[in-house]
Amino acid sequence: MGANKHLILDVNVIVDLWLEEGSSSVTETLIMEAAASDTQLWVASAAMATLDYVARRAFKTRGVPPNVVAEMIPQLMENLLGRAKVLTNHGFEQSDIYSRATDFEDAQTAAAARSLAGQMVCIVTEDSSFDTLGEISKKTPTEALAWMLEKESNSAKQAIPFIDLAAQQAALRPMIERGIETVLRHGQYIMGPEVKLLEEKLTAYTGSKHCITVASGTEALLISLMAIGIQPGDEIITTPFTFIATAEVIVLLGAKPVFVDVESDTCNIDASKIEAAITNKTKAIMPVSLYGQPADMDEINAIAAKYSLPVIEDAAQSFGAEYKGKKSCNLSTIGCTSFFPSKPLGCYGDGGAIFTNDDVIAQACREIRVHGQSKRYWHTRIGVGGRMDTIQCAIVLAKLERFDWEVQRRLEIGARYNTLMDEHGMIRVQQRADRTSVFAQYTVLLDNREQIQGKFKEAGIPTAVHYPFPLNQQPAYRQFRSADNTPVSNEMAKRVMSLPMGADLQEGQQDWVVRVLRSLS
Ligand SMILES: Cc1ncc(COP(=O)(O)O)c(C=O)c1O
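Let us look at the structure shown here. Treat the numbers as computed from the prediction; the structure is a model and nothing was measured.

### What to know about the layout of surface pockets
Okay, so step 1: In this model, the largest pocket occupies a volume close to 560 Å³.
Okay, so step 2: Every residue lining the largest pocket is counted, 27 residues in all, and those nearest its centre are Met175, Arg178, Leu397, Ala398 and Glu401.
Okay, so step 3: The set of elements that each furnish at least two residues to the lining of the largest pocket consists of α8 (165-186), α9 (193-206) and α14 (390-400).
Okay, so step 4: The element that contributes the greatest number of residues to the lining of the largest pocket is α8, accounting for 7 residues.
Okay, so step 5: Along the lines of polarity and charge, the residues of the lining of the largest pocket split into 16 nonpolar, 5 polar and 6 charged.
Okay, so step 6: Summarising the domain contributions, the lining of the largest pocket has at least three residues from each of domain 1 (5-154) and domain 2 (177-400).

### Here's the deal with empty space enclosed by the protein
Okay, so step 1: Overall, the coordinates contain 4 cavities of 30 Å³ or more when judged by the stated rule.
Okay, so step 2: Empty space within the largest cavity amounts to approximately 100 Å³.
Okay, so step 3: If you trace the largest cavity, you find 13 residues lining it, with Ile163, Leu165, Gln168, Glu406 and Arg410 closest to the centre.
Okay, so step 4: Counting only elements with at least two residues in the lining of the largest cavity, the list comes to α8 and α15 (403-423).

### Some points on the sheet that holds strand β1 (residues 5-9)
Okay, so step 1: Reading across from one edge, β3-β2-β1-β4-β5 is the order of the 5 strands in this open sheet, with parallel pairing throughout. The outermost strands of the open sheet, each flanked by one partner alone, are β3 (84-87) and β5 (137-139). Taking each pair of neighbouring strands and ignoring which way they run, the sheet shows an average axis angle of 35°.
Okay, so step 2: The pairing of β1 with strand β2 (residues 39-44) spans 4 bridges and is classified as parallel. In the sheet register, Leu7 faces β2, and the bridge partner there is Leu41.

### What about α14?
Okay, so step 1: Taken across its 11 residues, α14 has 10 buried, putting it largely inside the fold.
Okay, so step 2: Thr390, Gln392, Cys393, Ala394, Ile395, Val396, Leu397, Ala398, Lys399 and Leu400 are the residues of α14 that are buried.

### Some remarks on a nonpolar patch on the surface
Okay, so step 1: Together, Leu184, Tyr189, Ile190 and Met191 make up a nonpolar patch on the protein surface, roughly 380 Å² of accessible area in all.
Okay, so step 2: Within the fold, Leu184 resides in helix α8.

Each value, and the rule that gives it
Residues numbered from 1 in each chain as written. Predicted model: local features only at pLDDT ≥ 70, side-chain atom pairs only at ≥ 80, totals over all residues. Heavy atoms only, no water. 1 Å grid on protein atoms, 1.4 Å probe; cavity = no way out; pocket = protein on both sides within 12 Å on 5 of 7 lines; lining within 4 Å. Points joined across faces, edges and corners; volume = space filled by probe spheres on them. Helix = DSSP H or I, 4+ residues; strand = E, 2+ residues; numbered from the N terminus. Nonpolar A, V, L, I, M, F, W, Y, C, P; charged D, E, K, R; others polar. Domains from an automatic or database assignment. Pairing = 2+ DSSP bridges. Axes fitted to C-alpha atoms, helices over the stretch in contact; angles between N-to-C directions. Buried < 20%, exposed > 50% of the residue type's maximum accessible area, 1.4 Å probe, protein only. Patch = residues over 30% accessible without salt bridge, like charges linked within 9 Å, V, L, I, M, F, W, Y side chains within 5 Å. Areas by Shrake-Rupley, 256 points an atom, 1.4 Å probe, with all protein chains shown as cover. Salt bridge = Lys/Arg side-chain N within 4 Å of Asp/Glu carboxyl O.

Interpretation note: all reported values are geometric properties and have no functional meaning in isolation.
Here you go:
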C-alpha cells in the first residue's frame, strides 16, 4: 500500500533548509515526521538543476568559500535524496500545462504532480505566488506540517466520520474545482460535453456497451423499468432487504413488487427461492448488490433466461465491484447505479447511471430520460425529466481520478475488518470468493444492537442500520406482503449494524472501532 499523503518540496523550501534560514526548522520537523506519519516526500526532477544553481548562488552570496560549497552541495543533495523521491513526468506529453503556464518552473512541478493524481498531495512552498495551474494544492511548510499531522491526531479516539468525504475532497479538490470551473466557463449546464465524456469513461470502466447518466439511482431504476415496458399489474421479483427506492419505482408504475427472502450470510436475494415466485405476470427480476457485493448473478440470469425475463441489477451500492471478473453494472440485461455523495463513486448532489448492452433498451432509456422525445419536441414515449447535471458529471469525472485507488483501499480495509472480526469471533456479513465487495457499507450482525449503538455513540463513533425494517413491513408496502415469507430479512433487519468505512479510513481508526465493538459484544 502506498503512502497516505504526498508532499512535493519546492526549491525555495529546500534552499532555506540548507541555509538554515526562514522556515528551516519547520521543514526539518516535517521531514522527520513524514516517515512516521506515512507521508512520502518528493522533489520534481526538473527542480533538481534549479536547486543546484540557486543553492550554490545563495551560499556564495553569504560568503561561503567556493571549495566548501563544492563539497557541501553533493552531500546535501545525497541527504535530500535519502529522504525524498524524485518525481518525473514533466515531459512534452504535459504540454497542455505548459501552454497555460505563467511560470515555467512552477508548471514543471505541477506537471510532475500529475503522476500522483487522485492521492492526497500538496506542494510545499514559501512562494505565495507559486502557480499550481489548478493542478494541486499548495501549502507553506507550517501549513503542510499541520495537514500532515492532522490525520494522526484524528486517527485514534477522536471523531471518526462514517464516510470521510472531506479527506477525499482534500485529495481531489484541484481536479474538482477545475472540472466545475470548465462547466461554468462553457455554460452548458444541461447535457454539456462532460455528460458524454463521463458516459464514455463509465462504459469503458464497466465494459458495457451503453451508459446513460440520469438524475439519480432511483431515476435509473425507474427509467429502466419504463424502458422494458413495465405496466400496471406486472410483477417484479426483488428483495425486501434493501433501500426503499428498489421497490418504490415498481409501485410507482402500478406494478407489484414480489419479495423473495435473502441469504443469511450475504444479505443478498436468495437465488434458490426466485423460481418459486415466478408467475405468468412476472416481467423482470431485480436483485440488489447489497452493501457493495453482487448477488448470485449466474443463477439469477439462468432462471431469467429460462422464463425470458430481463434482469435489472440494482447496483446503487456496488459500482466498482466485480463478479467472476466482470464489473457490477455489466452483469445482466440492465445495471443501475447511484452517484449519491456517500456511494462508492459519488458526486456532490444527486446522480446515477444506467448500463446495458442492448441497443433498443439504451435508446429507450435515452429518450425516456428527456421526456420521451426522440427528437426535439417530438415525444414518442412517456418520459421523465431525468438528466444528470453537467456539473455533477464533471465532479464524477474528477472522482474517477483516484477511483481505482479507492476501490483497492476499500478491498484492503474490508479484508482487514474481516480478519479482525473473525479473530475476535464477531459475526459479519460474508463475501463470496468469486466476487468482490466495494463495501459501500461494512456490516456486522449483533444480538443487542440498540445497546451497542448507544455505546458507540458515547465513544464518538457513528454507526448506521441498513435497514431496520424489510420493505414488506413498511406501512405503505404491507399490501405486497402475501405471507410472512421473508423470515431471514426480518431477522437481519433486527441485527445488522454498519461501521465507519471508506477509502480514507485509517488503520488506527479501524483498530479503535474494532476495540470498542469487542469491549461491548
Ligand atoms: C440499493 C439502493 N437502490 C437505490 C438507491 C437510490 O439511489 P439514489 O439515492 O441515487 O436515488 C439507493 C441509494 O441509497 C440504494 O442504496
